[in-house]
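What follows is each chain in one-letter form.
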Amino acid sequence: MITDEDLAYHTPADVAHDWAETTYFHFFVPEARLMAWVYLVARPGVGAMVCDIQVMGDLSTHPLDNWYTDIQQHLKLPPRFDRFELSNGLAFKAHSIRDYRLDYVGVHDTELHVDVKGIMEPYDINDPSMDPLAVADPHANADSTGFGRAYAAHFDMAVRVTGTLRVRGRDFAVDCVAQMDHSWGQRSERGMKPMAWINAHFDDGYVVHGIFSYDPLAAPDKRYLFRHGYALEGGRVRGGVRSQLTGYHMNGNRFALGYEWSMTDVDGREHTLYGSPAAMNVWAPYSCTYVPNVFIRWQSGDRVGWGNSQENNPLDTFVGGHLAQRGG
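Residues numbered from 1 in each chain as written. Predicted model: local features only at pLDDT ≥ 70, side-chain atom pairs only at ≥ 80, totals over all residues. Heavy atoms only, no water.

Enquirer: Would you mind going over the environment of Asn-66 in detail, with residue names and values included?
Expert: By the secondary structure assignment, Asn-66 is in the loop between strand E3 (48-56) and strand E4 (68-76). By relative accessible area, Asn-66 is classed as buried at 11%. Taking the C-alpha atoms as reference points, Asn-66 and Ser-183, separated by 117 residues in sequence, lie 26 Å from one another. Ignoring sequence-local partners within four residues, the contact set of Asn-66 consists of Gln-54, Val-55, Met-56 and Asn-281. Separated by 2.7 Å, the side chains of Asn-66 and Gln-54 make a polar contact. Side-chain polar atoms of Asn-66 contact the side chain of Thr-69, separated by 3.2 Å. (Helix = DSSP H or I, 4+ residues; strand = E, 2+ residues; numbered from the N terminus. Buried < 20%, exposed > 50% of the residue type's maximum accessible area, 1.4 Å probe, protein only. Contact = heavy atoms within 4.5 Å. Polar contact = N/O pair within 3.5 Å; in protein donor to acceptor, adjacent residues only side chain to side chain.)

Shown next, in the form of structure tokens:
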């Protein structure tokens, strides 16, 4: 169970260099085909914090086509994780586990000011009372999380994001349903797990979210193994018990061109969605990864919604495989 106490650092006494505390916020401006995100990685074992703030609004696989990118990997670790100001211009305040304020004044006439409010309880993927696929000991059964020990403590939460975004002098009003998450645990930059984190949000509060183990070399309908997820409908959260995700990708660069997704929840309800990209770009939240990050337009019956697909490809796992084809 996740509580307000989990706003604080969870740093162990014998903290290793690869221990991480992370949190991710994104939000959308659908009429502009725009997605922005703020990603934080605290590394108390080395005394540094990563702060990654980006905005994308085009269908591109080239990072130079992003609207805005400000990634700083060696900011001084703040003394507390629930409220702080960083030298890059970000001010972060957590009022509760469901209620946040982010203010950022960057460069190139870019800033954001948003309130983030949970529309559900934090979904603890390791709590059997909440998630039907949770295991008793995620540390001993790390593969069950979908992202190894990095997700041995992890929650996702659907949120309402409101406020303003200014990107290179262009102003946008923000009012959307989106997703945030928070994790803590061992997160080595060697041996990261391939995984997919994918979600769909609709203005009436309907949300479908999933975490999958991911094999990009498998056939499209065999590529994803469902690990955790939920559906939020009518104000009620229902854990997912099984899911089929089929992804269709560009040859060579692993960017999704479309998805067919179905999830069955604990009450036997079937959730069926079809997705296509509205914007995309490369994301490197860690130097050891290649992540096609896609802003997705979703269709579920007559509903139209928006979400985010991230498919993590660890470079140490996949780089060099083509050499076997050369022989010698």
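Right, picking up where we left off after that structure.
Enquirer: Residue-level account of the nonpolar core, with values.
Expert: The nonpolar side chains of a soluble globular protein tend to be buried with one another. Grouped together as the largest cluster of nonpolar side chains are 77 residues, with contacts concentrated most on Phe-27, Leu-90, Tyr-100, Leu-102, Leu-112, Val-161 and Leu-165. The greatest single-element share of this core, amounting to nine residues, is contributed by strand E2 (residues 34-43). Excluding its chain neighbours within four sequence positions, the residues that come into contact with Leu-102 are Phe-25, Val-38, Ala-91, Phe-92, Leu-112, His-113, Val-114 and Val-116. Core analysis: the next-biggest nonpolar cluster, separate from the first, contains 22 residues, Ile-198, Ala-256, Leu-273 and Trp-298 among them. (Core = buried A, V, L, I, M, F, W, Y, C linked by side-chain atoms within 4.5 Å.)

Enquirer: Tell me about the pairing of strand E8 (residues 111-118), residues and numbers included.
Expert: Only one face of E8 is buried, namely the one carrying Leu-112, Val-114, Val-116 and Gly-118, since none of Glu-111, His-113, Asp-115 and Lys-117 on the opposite face is buried. Here strand E7 (residues 99-105) pairs with E8 via seven bridges, running antiparallel. The residue of E8 that forms the bridge with Val-105 is Glu-111. As consecutive antiparallel partners, E7 and E8 are separated by five residues, and within that stretch His-108 has a phi angle of approximately 55°, a positive value. Taken together, the eight bridges between E8 and strand E10 (residues 154-167) define a ladder with antiparallel strand orientation. Looking across to E10, one finds that Gly-118 is bridged to Val-159. (Pairing = 2+ DSSP bridges.)

Enquirer: Give me the pattern of salt bridges: which residues, what numbers.
Expert: Under the criterion given, the structure shown has 13 salt bridges. Across the pair Asp-267 and Arg-236 runs a salt bridge, and its minimum N-O distance is 3.1 Å. You can see Asp-267 sitting in the loop between strand E16 (256-265) and strand E17 (270-283) and its partner Arg-236 sitting in strand E15 (residues 236-249), a full 31 residues away along the chain. (Salt bridge = Lys/Arg side-chain N within 4 Å of Asp/Glu carboxyl O.)

Enquirer: Please provide a residue-by-residue account of the environment of His-322, values included.
Expert: Locating His-322 in the fold gives a position in the segment after helix H1 (315-318). Remark: the alpha-carbon pair of His-322 and Arg-269, spanning 53 residues in sequence, is separated by 42 Å.

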